[in-house]
Every structure is written in structure tokens, then in C-alpha cells.
Amino acid sequence: AQTVTQSQPEMSVQEAETVTLSCTYDTSESDYYLFWYKQPPSRQMILVIRQEAYKQQNATENRFSVNFQKAAKSFSLKISDSQLGDAAMYFCATRISGTYKYIFGTGTRLKVLA
Amino acid sequence: DTGVSQNPRHKITKRGQNVTFRCDPISEHNRLYWYRQTLGQGPEFLTYFQNEAQLEKSRLLSDRFSAERPKGSFSTLEIQRTEQGDSAMYLCASSRYNSNQETQYFGPGTRLLVL
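Residues numbered from 1 in each chain as written. Chains lettered and ligands numbered in written order. Predicted model: local features only at pLDDT ≥ 70, side-chain atom pairs only at ≥ 80, totals over all residues. Heavy atoms only, no water.

Q: I would appreciate a short explanation of the pattern of salt bridges in the present structure.
A: Once their charged atoms are close, side chains differing in charge can pair, the charge on each being opposite to the other. One pass over the full model with this rule turns up eleven salt bridges over all chains. Across the pair A:Arg63 and A:Asp86 runs a salt bridge whose closest N-O atoms are separated by 2.8 Å. Residue A:Arg63 is located in the loop between β7 (60–61) and β8 (64–69), and its partner A:Asp86 is located in the loop between β9 (74–79) and β10 (88–96); the two are separated by 23 residues in the primary sequence. For A:Asp86, a relative accessible area of 2% translates into the label buried. Among the salt bridges present, the one from B:Arg31 reaches B:Glu102, with a minimum N-O distance of 3.2 Å. Of this pair, B:Arg31 sits in strand β4 (residues 31–37) while B:Glu102 sits in the loop between β9 (88–95) and β10 (105–106); the two residues are 71 residues apart in sequence, bridging distant segments of the chain. The two residues B:Arg31 and B:Glu102 agree in class, both being buried. (Salt bridge = Lys/Arg side-chain N within 4 Å of Asp/Glu carboxyl O. Helix = DSSP H or I, 4+ residues; strand = E, 2+ residues; numbered from the N terminus. Buried < 20%, exposed > 50% of the residue type's maximum accessible area, 1.4 Å probe, protein only.)

Q: I keep staring at the state of the cysteines and nothing clicks. Help me out?
A: A covalent bond between the sulfur atoms of two cysteines is what we call a disulfide. All names here are of chain B. Tallied over the full model, the rule gives two disulfides over all chains. Across a sulfur-sulfur distance of 1.8 Å, Cys23 and Cys92 are joined as a disulfide pair. Around the S-S axis, the bridge from Cys23 to Cys92 shows a dihedral of about -65 degrees and counts as left-handed. One end of the pair, Cys23, is in strand β3 (residues 19–24); the other, Cys92, is in strand β9, and 69 residues separate them in sequence. Judged by relative accessible area, Cys23 falls into the buried class, the value being 0%. (Disulfide = S-S within 2.5 Å.)

Q: Before we go on, may I ask you to explain the confidence of the model for chain B in this structure?
A: As a note on interpretation, predicted positions should not be read in detail where pLDDT is low. For chain B, per-residue confidence averages 92 on the pLDDT scale, and 97% of positions sit at 70 or higher. Here strand β6 (residues 53–57) of chain B stands out as the element of chain B with the lowest mean pLDDT, 90, in contrast to β3(B), whose mean of 98 is the highest. (pLDDT = per-residue confidence, 0-100.)

Q: Help me understand the interface of chain A and chain B in this model?
A: It is common to report an interface's size as the accessible area lost on association of the parts. Chain A puts 18 residues into the contact, and the matching count from chain B is 23 residues. Roughly 1800 Å² is buried in total at the junction of chain A and chain B, and carbon and sulfur atoms are behind 48% of that figure. When the buried surface of chain A facing chain B is broken down by residue, A:Gln44, A:Tyr100 and A:Tyr102 rank first, second and third, together holding 34% of it. Across the chain A-chain B interface, the total number found is one salt bridge. (Contact = heavy atoms within 4.5 Å. Buried area = accessible area lost by both parts, 1.4 Å probe.)

Q: It is not clear to me how the pairing of strand β5 (residues 44–50) of chain B should be interpreted in this structure. Could you clarify?
A: On a regular strand, one side chain projects to one face of the sheet and the next to the other, so that they alternate. All names here are of chain B. Counting buried positions along β5 yields five of seven residues, so the element is predominantly enclosed. As paired strands, β4 and β5 are joined by six bridges and run antiparallel to one another. Paired with Tyr33 across the two strands is Tyr48, which belongs to β5. The hairpin formed by β4 and β5 contains six residues between the paired strands, and Gly40 there has a positive phi angle of roughly 80 degrees. Sheet analysis places β5 next to β6, joined by four bridges and oriented antiparallel. Residue pairing across strands places Phe49 opposite Gln54, the latter belonging to β6. (Pairing = 2+ DSSP bridges.)

Q: Could you clarify how one ought to interpret the pairing of strand β6 (residues 46–52) of chain A in this entry?
A: Residue and element names in this part refer to chain A. Within β6, five of the seven residues are buried, which leaves the element mostly enclosed by the surrounding structure. For strand β5 (residues 32–39) and β6, the ladder comprises six bridges, and the chain directions are antiparallel. Bridging across to β6, Lys38 finds its partner in Ile46. Two successive antiparallel strands, β5 and β6, enclose a turn made up of six residues, where Ser42 displays a positive phi of approximately 60 degrees.

See the structure below:
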């Protein structure tokens with residue numbers, strides 16, 4: 001069975017600084033996708049970044065980048081130049097290729113300090 | 001693109017009552033998902049539709065839960081004989097499948113409180 005673990009319930013970062021959110025997962029499959037979603041307070045969840053497991057290159061979306069370590073089953077999210085608008089719950093998720101079921105972690109609440 | 005909408009946004013009901021939630025996906029999105037999210041947890045997969053066909057349903061979903069997507073557009077999620085443990089946020093998401101580049105768009109959710 002797939003599992004996703006986010007061991008940091010809450011993180012804080014100073015505005016303009018860099019923060020890394022951790023995620024580990026477990027799967028016996030070799031072809032899968034990994035995601036980071038952002039859920040701002042009282043707002044809809046949105047996709048931040050996606051990584052295909054077969055790609056060795058780490059995904060990057062503007063200030064957001066991932067560190068994907070397939071052997072270690074680790075998928076961390078780095079947010080550079082943190083902004084007040086980055087404050088939210090961040091969920092790590094995975095989906096096996098060819099299936100429809102997304103498995104989410106328990107989330108990390110990110111606070112951005114002015 | 002007006003986004004995914006869900007109605008109602010909040011629902012308070014008494015234990016034993018039936019409730020129905022509606023999700024309107026982004027037009028032309030052929031995939032639709034329902035999730036349940038309890039406090040302090042991530043979304044938990046409930047069921048998935050591709051067009052009007054319900055292709056996957058979580059084994060965690062009891063017989064009291066049923067979902068439909070009759071014309072491949074909007075979807076409804078019904079909970080019969082509600083229990084206090086059903087109190088949660090119910091999220092809907094839709095996507096348009098394009099090879100493996102799928103992006104789920106989430107609705108604002110329906111928050112259910114069972115008294």
C-alpha cells in the first residue's frame with residue numbers, strides 16, 4: 001500500500017528566506033507521480049509542483065523546487081524568497097501511473113513571518 | 001473557466017438524516033474526484049469518475065455513501081443515515097486528462113457537521 005508521511009506539522013520562515021518542507025513516501029511501484037499542493041486558509045487547494053518518478057531532473061516552478069531522491073523515497077519542497085502569500089497548508093501526494101487514486105500526507109502548516 | 005464549484009458550502013444536519021452535496025466541475029473536464037478531509041488530515045480519496053462512469057471507489061466508503069455523475073457533467077455525493085463521524089470537509093476536484101499531465105482543480109469544499 002502507498003503511504004505518504006509529512007513529519008513536520010508546522011514550519012515557520014522569515015519573509016524572503018528559504019524553507020524546505022519534507023515528505024517521504026512508500027510504494028512498491030516504479031512508475032508514479034509526486035505532487036505538492038497548497039491549501040491557503042479558507043481557499044481552494046492548488047497544485048504547486050509535480051514530479052514524474054522516471055525523471056531524474058528535479059522539477060522547478062519559479063520560487064518552488066523539489067529535491068527528489070527516488071532511492072530514499074524522499075520528495076522535499078524548497079520555497080525560495082518566501083512571501084506572505086506562501087502561508088498555507090502544504091500537502092505532499094502521490095499517484096501510481098495508470099491509476100486514479102491520489103494518496104495525500106497529513107500536511108505541513110507553513111507560517112511566514114514579516 | 002469559472003473553476004470548480006460546490007454546493008452547499010456548509011451543511012449542519014442531525015444524526016440519521018440524509019444529505020446530498022453537489023459538485024460542478026470545470027466544463028470539459030472528464031475526470032471528477034471526491035475526497036473527504038478531516039481536521040489535521042490530508043484529503044482522503046473517496047471515489048473517481050471518468051465521464052459518467054464511476055471507475056473507482058474507496059473501500060473505506062461505506063454503503064451509506066453513494067455518488068453519481070449522470071451526464072458526465074455535475075456530480076452528487078449522498079450520505080444516508082449520517083453519523084457524527086461523517087463530520088468533515090468534502091472536496092471535489094476535476095481534471096482534463098492529457099497523457100499523464102493531469103492537473104486536479106479543487107473546489108472550495110462542503111463542510112458537513114453532524115450533530
